[in-house]
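Structural overview
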Amino acid sequence: RKEVEQDPGPFNVPEGATVAFNCTYSNSASQSFFWYRQDCRKEPKLLMSVYSSGNEDGRFTAQLNRASQYISLLIRDSKLSDSATYLCVANAGNNRKLIWGLGTSLAVNP
Amino acid sequence: DVKVTQSSRYLVKRTGEKVFLECVQDMDHENMFWYRQDPGLGLRLIYFSYDVKMKEKGDIPEGYSVSREKKERFSLILESASTNQTSMYLCASSFKDLPSYNEQFFGPGTRLTVL
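Quick caveat: nothing in here was measured; it's all calculated off a predicted structure. (Residues numbered from 1 in each chain as written. Chains lettered and ligands numbered in written order. Predicted model: local features only at pLDDT ≥ 70, side-chain atom pairs only at ≥ 80, totals over all residues. Heavy atoms only, no water.)

1. Things to note about the overall build of chain A
- Of the regular secondary structure elements, chain A holds 0 helices and 11 strands.
- From first element to last, N terminus to C terminus, chain A shows the α and β order β-β-β-β-β-β-β-β-β-β-β.
- For chain A, the C-alpha radius of gyration of 13 Å lies close to 13 Å, the compact-globule estimate for 110 residues.
- Judged by the C-alpha coordinates and their principal axes, chain A covers about 45 × 30 × 20 Å.
- In chain A, which comprises 110 residues, the share counted as buried stands at 45%.
- Put simply, chain A has 12 plus and 10 minus side-chain charges, and the middle of one group is 6 Å from the middle of the other. (Helix = DSSP H or I, 4+ residues; strand = E, 2+ residues; numbered from the N terminus. Rg over C-alpha atoms; globule rule 2.2 N^0.38 Å. Buried < 20%, exposed > 50% of the residue type's maximum accessible area, 1.4 Å probe, protein only. Lys, Arg positive; Asp, Glu negative; His and termini not counted. Charge placed at Lys NZ, Arg CZ, Asp CG, Glu CD.)

Here it is as structure tokens:
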């Protein structure tokens, strides 16, 4: 079992739709969680950090459920420019490494 | 803006060649990382460094070595390239203190093909 698991998708949604991605992690020592965005043939870029119960940034909301060990990302009012792969990332406890999910692919269609 | 640059976007080498991949960051980050990214396997950590002349193995260090002689520069070396090292190589950097060390900034990547 991978330490960070995501549904690979692809998720195909129309513009304006709301879409949610889930991610589960297996290391209960993980304290910090992140969503990175990776456009096709580009490098990953930090989208949001999820440090406590969750946070919101415009159309994006990230939630953390420690009891069930999952993180979610909600995108409201999807734009064409949201089309990308979304990587779920967890800090690996005390050893400073990040554990990367394989990513969830999103395609927003006109 | 943080800037992480890598010496080449595309590189083609032959089996057995020694390959150097260079990475430079301009934000005075203490931490630097080398990953490779392959379809179906995701991002895998090869080596990382917390400070000058300091290095630690990641999850897949076999066949690779690194060098960090200056804070801003982290080099990945393939001692004798093999076809299974064909991949996208990504360099990243971050600050060393919580919570910033978890927030990594990536270079554009080097797509290496070993023939």
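The structure having been displayed, the exposition proceeds.
2. With respect to unusual backbone geometry
- Cis geometry is adopted by the peptide bond preceding P10 of chain A, which originates at G9 of chain A and carries an omega value of 5°.
- Among the structural elements, P10 of chain A can be located in the loop between β1 (4–6) and β2 (11–14).
- Backbone geometry at K53 of chain B places phi at a positive 65°, although glycine is not the residue there.
- Structurally, the position occupied by K53 of chain B is in the loop between β5 (42–49) and β6 (56–57).
- Overall, the relative accessible area of 60% leaves K53 of chain B in the exposed class.

3. A look at the state of the cysteines
All names here are of chain A.
- A complete count under the given rule lists 2 disulfides over all chains for this structure.
- Note that C23 is cross-linked by a disulfide to C88, the S-S spacing being 1.9 Å. Taking the torsion about the sulfur-sulfur bond, which here is approximately -75°, the covalent link between C23 and C88 counts as left-handed. Within this pair, whereas C23 is found in strand β3 (residues 19–25), its partner C88 is found in strand β9 (residues 84–91), the two being separated by 65 residues in sequence. (Disulfide = S-S within 2.5 Å.)

4. Description of the nonpolar core
- Ranked by internal contacts, the top residues of the largest apolar core, which has 25 residues, are F21, W35, I71, L73, I75, Y86 and L106 of chain A.
- If you list the elements that add at least two residues to this core, you get β3, β4 (33–38), β5 (44–50), β7 (60–65), β8 (70–75), β9 and β11 (104–109) of chain A.
- Residues in contact with I71 of chain A, not counting those within four places in the same chain, are F21, N22, C23, Y25, F33, W35, V50, Q63, L64 and C88 of chain A.
- With 20 residues, the next largest nonpolar core counts V19, C23, A81 and L112 of chain B among its residues. (Core = buried A, V, L, I, M, F, W, Y, C linked by side-chain atoms within 4.5 Å. Contact = heavy atoms within 4.5 Å.)

5. A look at the sheet that holds β1 of chain A
All names here are of chain A.
- On the basis of which strands lie adjacent, the open sheet formed by 5 strands has the order β1-β3-β8-β7-β6 and antiparallel pairing. Single-partner strands in this sheet number two, and they are β1 and β6 (54–57). Taken over all neighbouring pairs, the strand axes of this sheet differ in orientation by 15° on average, direction set aside.
- Pairing of β1 with β3 involves 3 bridges; the strand directions are antiparallel. Residue pairing in the sheet places Q6 in a bridge with C23 of β3. (Pairing = 2+ DSSP bridges. Axes fitted to C-alpha atoms, helices over the stretch in contact; angles between N-to-C directions.)

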